[in-house]
Amino acid sequence: MADPLSLLRQFNMQRKTIVERDGHVIFGEFSWPKTVNTNYVEWGTGKDGTAKDYYTLECLLYLLKNITLQHPVYVRQAAGEDIPIVRRPDRKDLLAYLKGESTTAASIDKSAPLEMPTQVKRTAEDSLESAQKKPRYDEGASQKLKDQLIMKYGDNQEAGAQGTGANIKDLSAELNKNKISEIKKKIWANRRTRIKGDGEEGDRGLASFADLESDRTKEILSRERQWRTRTTILQSNGKQFAKNILAILNSVKAREEGRQFKPAAPPGSAGARPGMPPAPRQPLPGYNRYVQEHYRQADTEGFKIDTTGTYAGKTLKSVMAAEGGKARSAPAMPPPAVPRPIGQPQQQQKGGKRVSRTPIIIIPAAPKSLITMFNAKDILQDLKYVSTEEKRAAGAKRENDVLIQRRKEGALTVPYRVLDNPGRLNNAEWDRVVGVFVMGQAWQFKGWPNEGKPVDILSRICGFHLKQQEATLEKNIANWAVTVIQLSRTKRHLDRAALLTFWEKLDKHIVKHKPHLRW
């Protein structure tokens, strides 16, 4: 039995016209009122003992008409026209079923009571419309086409008919002249049905489908271009790089080696004796960067070029005067350079004292600060927060300077100096200050360079502020260029992740502003 939901799905998939007339929805020969219930259950009904509610036919048809609208716009428009709406949870599955994307839906109740449709009788207007839509047979056009074919092929047919008796002979007792002429007339008669109408294509004659396809294929092949990439270029079938390219490279290499290192002939002999095996080839000397003077003559190709000379520290006038004067004497051979040990420093002060490259981090001296000289090593080196009170209770002593060892990848450690009294620093040590922990008060920078202005200081030194998540943030911290690191009061397993941001920010600052330091 036909139900309104199935017919609505069928007509929507086949793009058939659904007629609405006098409060009824008409599907071809079947009709239902607009308010009839379908067997699609509304979302949220029929659970926990409640009665099931079904969508009406008018509700589903209105959804299909406004399928392109967004759901909030559709709801407002349907409410304005006093039409029930489809709830959002049912919209996706319902539209998928009505479009034919799914064969069924979970909300379809096959046991729901359905109303019987009413048969629709065609009215006079419907019969008139269907009669207008039927194609009419134009007898005048058909007769005109026949006349044109007779005018075009009639002479040929008559000539063929006349020639049947003159040129045709009996082939056998069964195929006599009359039988052959009848067959020929049938062939001429059947040709009319195979001839296309007048026009550009009719004048060309009957071209076979294979000829047309071959012409199109030729046109497509004429426009084709071979796709070439760097991969397809290297995939050569006719060339072997191992035989061609490598042979050329080997010959060039042998030529260069023979030019630079020619084997010396033995004294007193004009050449090698016939029948004697060739002398063994001398091994090439190894490369040595400290004996470049041996290759000086070969590198200059006979030109008098001083490969050990330099123009560093000379002006243009002195160079021009030296070239215009007498020929410069050959410089004395410098002593062979001795490689510098790895641990030897590269930079030294005037007095020969080694310059320190250890970065310096300044922390607050106030006892209320979360980081002090008691727990600085635990926070920055071990990446774990330990309060100052716990360190004092454990008997820790306060030191003026703390040297922490930061662990990096590859089992490497880098030293950092931590202090809370910046007044003891000299100019060279101030140049090594890379980070500072601030508390939010401007008096912390009293006696610092740049007249103690926090904005100027924090533009040259990377600033940090250590606070607990529950504590409020100082006003000055929000206005300064400072990275805030928040620690939990109880969750110590989160300390490592939070304190790793300190080293990430500090590394970026050192690379950008002070790359000469050790980090």
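Concerning the pairing of strand β11 (residues 462-468)
Part 1: Extensive coverage of β11 is indicated by the burial of 7 of its 7 residues.
Part 2: The two faces of β11 match: Cys 462, Phe 464, Leu 466 and Gln 468 on one face and Gly 463, His 465 and Lys 467 on the other face are all buried.
Part 3: Of the strand pairs in this sheet, strand β10 (residues 433-437) and β11 are connected by 3 bridges, and their pairing is parallel. Residue pairing for β11: Phe 437 is matched across the bridge by Phe 464.
Part 4: The pairing of β11 with strand β12 (residues 482-487) spans 6 bridges and is parallel. Bridge pairing in β12 links His 465 to Val 484.

Description of the sheet that holds strand β7 (residues 360-362)
Part 1: Pairing is mixed in the open sheet, where 6 strands are placed in the order β8-β9-β7-β10-β11-β12. Looking at the sheet topology across the chains shown, the edges are occupied by β8 (401-408) and β12. Going from strand to strand, the sheet's axes swing by 30° on average, the running direction of each strand aside.
Part 2: By the bridge criterion, 8 bridges tie β8 to strand β9 (residues 412-419) in an arrangement that is antiparallel.

Considering the confidence of the model for the protein
Part 1: A residue-level look at the protein finds 70% of positions with pLDDT of 70 or above and a mean pLDDT of 77.
Part 2: The model gives residues 326-332 a pLDDT under 50, and that stretch makes 3 contacts with residues more than four places away or in other chains.
Part 3: This stretch, residues 335-348, has a pLDDT under 50; its non-local contacts, to residues over four places away or in other chains, come to 7 contacts.

So, a nonpolar patch on the surface
Part 1: On the surface, Ile 245, Leu 246, Ile 248, Leu 249 and Val 252 cluster together into a nonpolar patch covering about 430 Å² of accessible area.
Part 2: By the element assignment, Ile 248 lies in helix α11 (residues 245-260).

Some points on the packing of helix α1 (residues 4-13) against helix α4 (residues 88-99)
Part 1: Packing of α1 against α4 brings their axes to within 7 Å, and their N-to-C directions diverge by 65°. Taking contact as the criterion, the partners of Leu 5, Ser 6, Leu 8, Arg 9, Asn 12 and Met 13 in α1 are, on α4, Tyr 97, Leu 98 and Lys 99.
Part 2: For the contact of α1 with α4, the residue count by class is 5 nonpolar, 2 polar and 2 charged.

Things to note about the sheet that holds strand β2 (residues 24-27)
Part 1: Taken in spatial order, the 4 strands of this open sheet run β1-β2-β3-β6, and their pairing is antiparallel. Each edge of the open sheet is held by one strand with a lone partner, namely β1 (19-21) and β6 (118-119).
Part 2: Pairing geometry for strand β3 (residues 30-33) and β6, over 2 bridges, is antiparallel. Residue Ser 31 lies in a different strand from β6, and its bridge partner there is Thr 118.
Part 3: Where α1 meets the sheet, its contacts fall on β2 and β3, and the angle it forms with β2 comes to roughly 60°.
Part 4: Sheet strands touched by helix α2 (residues 57-65): β1, β2 and β3. Its angle to β2, the strand with the most contacts, is close to 70°.

About the criteria used
- Residues numbered from 1 in each chain as written.
- Predicted model: local features only at pLDDT ≥ 70, side-chain atom pairs only at ≥ 80, totals over all residues.
- Heavy atoms only, no water.
- Buried < 20%, exposed > 50% of the residue type's maximum accessible area, 1.4 Å probe, protein only.
- Helix = DSSP H or I, 4+ residues; strand = E, 2+ residues; numbered from the N terminus.
- Pairing = 2+ DSSP bridges.
- Axes fitted to C-alpha atoms, helices over the stretch in contact; angles between N-to-C directions.
- pLDDT = per-residue confidence, 0-100.
- Contact = heavy atoms within 4.5 Å.
- Patch = residues over 30% accessible without salt bridge, like charges linked within 9 Å, V, L, I, M, F, W, Y side chains within 5 Å.
- Areas by Shrake-Rupley, 256 points an atom, 1.4 Å probe, with all protein chains shown as cover.
- Salt bridge = Lys/Arg side-chain N within 4 Å of Asp/Glu carboxyl O.
- Nonpolar A, V, L, I, M, F, W, Y, C, P; charged D, E, K, R; others polar.

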